[in-house]
Structure formats: structure tokens, C-alpha cells
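Spelled out, the chains give:
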Amino acid sequence: LAITDGKVSGPKPDLDEDIVAATTKIRFGTPVLVTPDQNENINIVEQLGSKILNSQIEKFKSIRGYIAIGILDQNFGLIAYDQVGTEGILTDLAKAFEPVLSHCSTITTTYGFSECRLSTFHTNNAVIQILFSFHKNLPSFYLIGITKSVGNWFFMKFELESLENQLVLAMKKPINIK
């Protein structure tokens with residue numbers, strides 16, 4: 001396939017019903033019906049997100065070129081964040097890149113790869129990384145990290161993945177947060 005001026009051209013794969021179904025199940029940022037039990041889990045995730053990010057914030061701030069780190073729910077609501085500079089940047093960037101992530105997931109699953117879960121965008125003065133965390137029976141969330149283009153964006157990626165693992169493990173444990 002080739003993409004020119006935002007249009008896909010070239011031979012397209014034969015899509016069977018299973019592949020089509022798989023590519024339509026996951027949509028980044030799509031609101032999910034929430035039962036009372038799931039709503040309680042989402043509240044726990046919000047509390048865990050703040051608690052875990054606060055315990056890790058100095059590690060993120062020590063990354064060379066650090067600009068921002070954030071945890072967003074599946075509807076781009078900020079759960080916890082820290083940033084240097086402009087307010088609202090994390091939510092705006094996640095919303096702007098959501099269609100790109102969704103389209104990438106559709107294409108990658110069409111060809112038998114799994115859905116896109118981490119995207120890195122390089123600009124002249126920043127590197128923006130958005131990680132989408134989707135695990136069965138757990139609420140979905142986004143992690144977004146930003147460094148200066150000359151910063152250590154690879155270490156930011158490593159720390160985003162580590163933060164995701166901590167959040168997922170914490171969500172799987174029965175806990176009592178006061």
C-alpha cells in the first residue's frame with residue numbers, strides 16, 4: 001500500500017469477517033459503557049494513577065529534556081499530570097493524534113499485526129509519545145510523555161512502559177484506597 005495526500009492506494013488485502021470485526025472492536029478514545037462495578041474500578045484507576053505518578057514524578061523530571069508526563073482516561077480526561085509550560089497541551093495532543101492511532105491500528109490489524117499501542121511523533125523541537133493501554137477487563141487509559149527533541153526520548157518511552165506496567169499491576173490487585 002502507498003499513502004499519497006492522505007489517500008491509500010495499491011492492492012488491498014482480502015478482509016475476512018474476523019479481521020474486520022477485530023479492527024472495529026478497538027477504537028482509541030471511544031467511550032465504553034460502564035457498569036456500576038466498572039465505574040468503581042475507574043475511580044480506583046484515577047486514584048492509583050495520581051498516587052503512582054506522584055511517586056514517580058521525580059524520575060520523569062530527571063529525564064534530559066523533560067517537558068510533560070500525563071495519564072488520561074479513555075475519553076482524554078486528565079487523571080494526573082505534570083508539565084512545564086502551556087496548560088491543556090496533553091489533552092489537546094492526545095485528542096489530535098487519536099485518529100492517527102486509530103487508523104494505524106486498523107491497518108496493522110488488517111495485516112495480522114496487533115493494534116498500535118505506542119506512537120512517537122518527532123517535531124523540530126519536541127518528541128511526543130502516546131501509549132494506549134488496553135487490557136481485557138480493565139479500564140483503558142493513555143499515557144503521554146513529551147521531551148525536547150534533543151532530550152532522552154528513548155528513556156521517556158522506557159519510563160512510560162514501566163508506568164503502564166505499574167498501573168496495570170495495581171489495577172489487578174484488590175486494594176483499599178482512602
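Residues numbered from 1 in each chain as written. Predicted model: local features only at pLDDT ≥ 70, side-chain atom pairs only at ≥ 80, totals over all residues. Heavy atoms only, no water.

Side note on the nonpolar core
Phase 1: Counting residues in each nonpolar core, the largest one holds 22 residues, and the members touching the most others are Leu53, Phe60, Ile69, Ile71, Leu143, Leu163 and Leu167.
Phase 2: Every element with two or more residues in this core is listed here: helix 2 (36-61), strand 3 (66-73), strand 4 (78-83), strand 7 (141-148) and helix 4 (153-172).
Phase 3: For this core, the element with the highest residue contribution is helix 4, accounting for seven residues.
Phase 4: Ignoring anything within four residues of it in the chain, the contact list for Leu167 reads Leu48, Gly49, Ile52, Ile71, Phe141 and Leu143.
Phase 5: One finds Leu72, Phe76, Leu93 and Ile144 within the second-largest nonpolar core, a separate group that totals 17 residues. (Core = buried A, V, L, I, M, F, W, Y, C linked by side-chain atoms within 4.5 Å. Buried < 20%, exposed > 50% of the residue type's maximum accessible area, 1.4 Å probe, protein only. Helix = DSSP H or I, 4+ residues; strand = E, 2+ residues; numbered from the N terminus. Contact = heavy atoms within 4.5 Å.)

Brief notes about the pattern of salt bridges
Phase 1: On inspection of all chains with the given rule, the structure shows four salt bridges.
Phase 2: For Lys59, the salt bridge goes to Glu159, with nearest N and O atoms at 3.4 Å. Taken as a pair, Lys59 in helix 2 and Glu159 in helix 4 lie far apart in primary sequence, 100 residues in all.
Phase 3: By relative accessible area, Glu159 is classed as buried at 5%.
Phase 4: Linking Glu161 and Lys157 is a salt bridge whose minimum nitrogen-to-oxygen distance equals 3.0 Å. Of this pair, Glu161 and Lys157 both sit in helix 4, four residues apart, roughly one helical turn. (Salt bridge = Lys/Arg side-chain N within 4 Å of Asp/Glu carboxyl O.)

Digging into the sheet that holds strand 7
Phase 1: With respect to topology, five strands assemble into an open sheet ordered 4-3-7-6-5, the strand pairing being antiparallel. Single-partner strands in this sheet number two, and they are strand 4 and strand 5 (118-122). In this sheet, adjacent strand axes meet at a mean angle of 10 degrees when their direction is disregarded.
Phase 2: Inspection of the sheet shows strand 5 paired to strand 6 (residues 126-133) by five bridges, in the antiparallel sense. (Pairing = 2+ DSSP bridges. Axes fitted to C-alpha atoms, helices over the stretch in contact; angles between N-to-C directions.)

Considerations on helix 3 (residues 89-110)
Phase 1: Its 22 residues give helix 3 an end-to-end C-alpha distance of 32 Å, which sits within 8% of 32 Å, the value for a rise of 1.5 Å per residue.
Phase 2: In the structure, helix 3 departs most strongly from a straight axis at Phe97, where the bend amounts to approximately 40 degrees and where the proline Pro99 lies between one and four residues downstream.
Phase 3: Every buried residue belonging to helix 3 is among Leu90, Thr91, Leu93, Ala94, Phe97, Glu98, Leu101, Ser102, Ser105, Thr108, Thr109 and Thr110, and all of these are buried.
Phase 4: Note on helix 3: the residue one or two positions beyond its end, Gly112, has a positive phi of about 90 degrees. (Expected span 1.5 Å × (residues − 1). Bend = angle between axes of the 7 residues up to and from the residue.)

Some words on the packing of aromatic side chains
Phase 1: Summed over the entire model, instances satisfying the criterion amount to four aromatic pairs.
Phase 2: Ring plane angle 50 degrees and centroid distance 5.1 Å describe the contact between Phe132 and Tyr142, whose orientation is recorded as tilted. Residue Phe132 is found in strand 6, and its partner Tyr142 is found in strand 7; the two are separated by ten residues along the sequence.
Phase 3: You can call Phe132 buried: its relative accessible area is 5%. (Phe/Tyr/Trp six-rings, centres within 6.5 Å; stacked < 30°, edge-to-face > 60°.)

A few points about the confidence of the model for the protein
Phase 1: The predicted model of the protein has a mean per-residue pLDDT of 76, with 72% of residues at 70 or higher.
Phase 2: For the protein, helix 1 (residues 17-25) is the element with the lowest average pLDDT, namely 34, and strand 7 is the one with the highest, namely 93.
Phase 3: Long-range and interchain partners of residues 1-8, a stretch whose pLDDT sits below 50, account for ten contacts in this model, where long-range means more than four residues apart. (pLDDT = per-residue confidence, 0-100.)

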